[in-house]
Amino acid sequence: MPAQRLSVVVTRRLPEVVETRMSELFDVDLRGEDVPMSKAELVAAMARADVIVPCITDQIDGAMLAQAGERLKLIANYGAGVDHIDVATARQRGVLVSNTPGVMTDETADMALALILAVLRRLPEGMAVMQESRWEGWAPTAFMGGRVAGRRLGILGMGRIGQAVARRARAFGMQVHYHNRRRLHADIETALEATYWDSLDQMLSRMDVISINCPHTPATFHLLNARRLKLMKPTAVIVNTSRGEVIDENALTRMLRAGEIGGAGLDVFERGREVNPRLRELPNVVLLPHMGSATREGRIEMGEKVLINIKTFADGHRPPDLVVPSML
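All of the points below concern the structure found in this document. (Residues numbered from 1 in each chain as written. Predicted model: local features only at pLDDT ≥ 70, side-chain atom pairs only at ≥ 80, totals over all residues. Heavy atoms only, no water.)

1. Comments concerning the overall build of the chain
- For the chain, the count of helices and strands is 13 helices and 13 strands.
- On C-alpha atoms alone, the chain measures out to a radius of gyration of 22 Å, which is about the 20 Å that the 2.2 N^0.38 rule sets for 328 residues.
- Dimensions along the principal axes, computed over C-alpha positions, put the chain at roughly 70 × 50 × 35 Å.
- The long-range fraction of contacts in the chain, counting pairs at least 24 apart against all pairs at least 6 apart in sequence, stands at 60%.
- On the chain, roughly 16100 Å² of surface is accessible, and the fraction owed to carbon and sulfur atoms is 51%.
- Put simply, the chain has 41 plus and 39 minus side-chain charges, and the middle of one group is 5 Å from the middle of the other. (Helix = DSSP H or I, 4+ residues; strand = E, 2+ residues; numbered from the N terminus. Rg over C-alpha atoms; globule rule 2.2 N^0.38 Å. Contact = heavy atoms within 4.5 Å. Areas by Shrake-Rupley, 256 points an atom, 1.4 Å probe, with all protein chains shown as cover. Lys, Arg positive; Asp, Glu negative; His and termini not counted. Charge placed at Lys NZ, Arg CZ, Asp CG, Glu CD.)

2. Considerations on unusual backbone geometry
- A positive phi angle, close to 55°, is found at Ser 133, a residue other than glycine.
- On the secondary structure map, Ser 133 appears in the loop between helix H6 (123-131) and strand E6 (152-156).
- Phi at Glu 193 is positive, roughly 55°, even though this residue is not glycine.
- In this structure, Glu 193 sits in the loop between helix H8 (186-192) and strand E8 (194-196).
- Given a relative accessible area of 49%, Glu 193 falls into the partly exposed group. (Buried < 20%, exposed > 50% of the residue type's maximum accessible area, 1.4 Å probe, protein only.)

3. Brief notes about the pattern of salt bridges
- Applying the stated criterion across every chain, the model contains 19 salt bridges.
- With its nearest N and O atoms 3.2 Å apart, the salt bridge here joins Arg 243 to Asp 83. With Arg 243 in the loop between strand E10 (237-240) and helix H11 (249-257) and Asp 83 in the loop between strand E4 (74-76) and helix H4 (87-92), this residue pair connects regions lying 160 residues apart in the sequence.
- When its relative accessible area of 15% is taken as the criterion, Arg 243 is described as buried.
- One salt bridge in this structure joins Arg 122 and Glu 125, with 3.0 Å as the shortest N-O distance.
- A single salt-bridge network, built from bridges that share partners, covers Asp 106, Asp 110 and Arg 168. (Salt bridge = Lys/Arg side-chain N within 4 Å of Asp/Glu carboxyl O.)

4. Thoughts on the environment of Lys 311
- With respect to the helices, strands and loops of the structure, Lys 311 is situated in helix H13 (residues 296-314).
- Along the sequence, Lys 311 and Phe 26 sit 285 residues apart, while their C-alpha atoms lie 8.8 Å from each other.

5. Details of the side chain of His 216
- Summarising the element assignment, His 216 is placed in the loop between strand E9 (209-212) and helix H10 (226-229).
- Side chain to side chain, His 216 and Asp 83 meet in a polar contact 3.2 Å long.
- Setting aside residues no more than four positions away along its own chain, His 216 makes contact with Asp 83, Phe 221, Arg 243 and Glu 245. (Polar contact = N/O pair within 3.5 Å; in protein donor to acceptor, adjacent residues only side chain to side chain.)

6. Description of helix H1 (residues 16-25)
- Looking at H1, one finds that the buried residues are Val 18, Glu 19, Met 22 and Leu 25. Along the long axis of H1, the arc covered by the buried residues comes to 130°, so they all point the same way. Away from the buried face of H1 by more than 90 degrees, exposed residues Glu 16 and Glu 24 are located. (Arc of directions from axis to C-beta.)

7. Considering the environment of Phe 26
- Among the secondary structure elements, Phe 26 is positioned in the loop between H1 and strand E2 (27-29).
- For Phe 26, a relative accessible area of 5% puts it in the buried group.

Written as structure tokens, this is what we have:
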């Protein structure tokens with residue numbers, strides 16, 4: 001399929017340099033306003049395009065794919081996670097799906113450590129006092145948080161991002177533990193000074209901080225349910241920069257309000273932008289608007305991966321970041 005004739009629809013605004021390069025390479029329909037497409041708009045886009053470039057805000061299910069018609073051949077996702085796309089149905093209909101893995105490793109790991117520090121050292125509380133002109137000066141017992149060094153960090157999901165979190169945590173003097181579908185090679189464990197736990201339950205009960213770095217799949221939905229959350233120490237902190245669906249958010253909120261968990265730092269939420277309002281009321285909770293990957297460099301690199309995937313497909317080859325159901 002000649003690249004100059006390839007029709008591409010982009011569902012959200014991308015960094016300008018990415019949009020410019022895409023316009024040079026393809027017959028591209030760019031999004032004029034930076035708001036999510038409606039379901040009807042997505043279906044219409046899939047019906048008229050050879051390639052669609054969605055992101056996490058675009059839910060593409062089997063029923064929508066059934067209306068896509070025969071023209072759509074590639075869903076070039078702008079992002080690593082593809083849980084918002086029915087990959088199996090897409091493949092059954094002959095539509096390839098690609099993503100952008102490995103780009104946001106450092107950004108997300110940085111944010112995980114930032115949230116750990118923010119919760120343990122009570123940074124938002126201090127900022128609020130300063131911004132509201134309520135600070136009355138230094139006091140020996142004011143804003144006392146917890147020391148980071150020496151705490152046990154349990155990492156749930158030890159892929160690229162989990163390992164990057166581990167390296168940063170070691171630099172802060174934390175003890176690194178992890179639970180993963182597969183145990184890491186001994187050389188990697190040694191390099192990270194990480195202790196493997198076969199039992200997630202046992203790890204949760206012994207950690208001071210839990211960092212969620214696993215993807216959202218049917219197997220990880222509510223992996224941290226009410227029962228497992230109750231295993232955690234009442235002083236423990238939980239940080240999530242992965243997917244909100246991994247935690248039972250209502251159970252977490254109840255336990256935080258009851259003092260059964262020490263604190264939380266959340267960059268993602270179970271219902272997307274619909275954040276449990278009770279979480280906003282808690283001083284021991286830090287909430288961020290899914291900004292873990294929000295660096296200029298990272299977002300441009302994501303766009304470059306999308307471009308490579310589309311250009312490779314246009315040249316008649318397999319996209320380098322092809323997603324297949326067995327990977328999920």
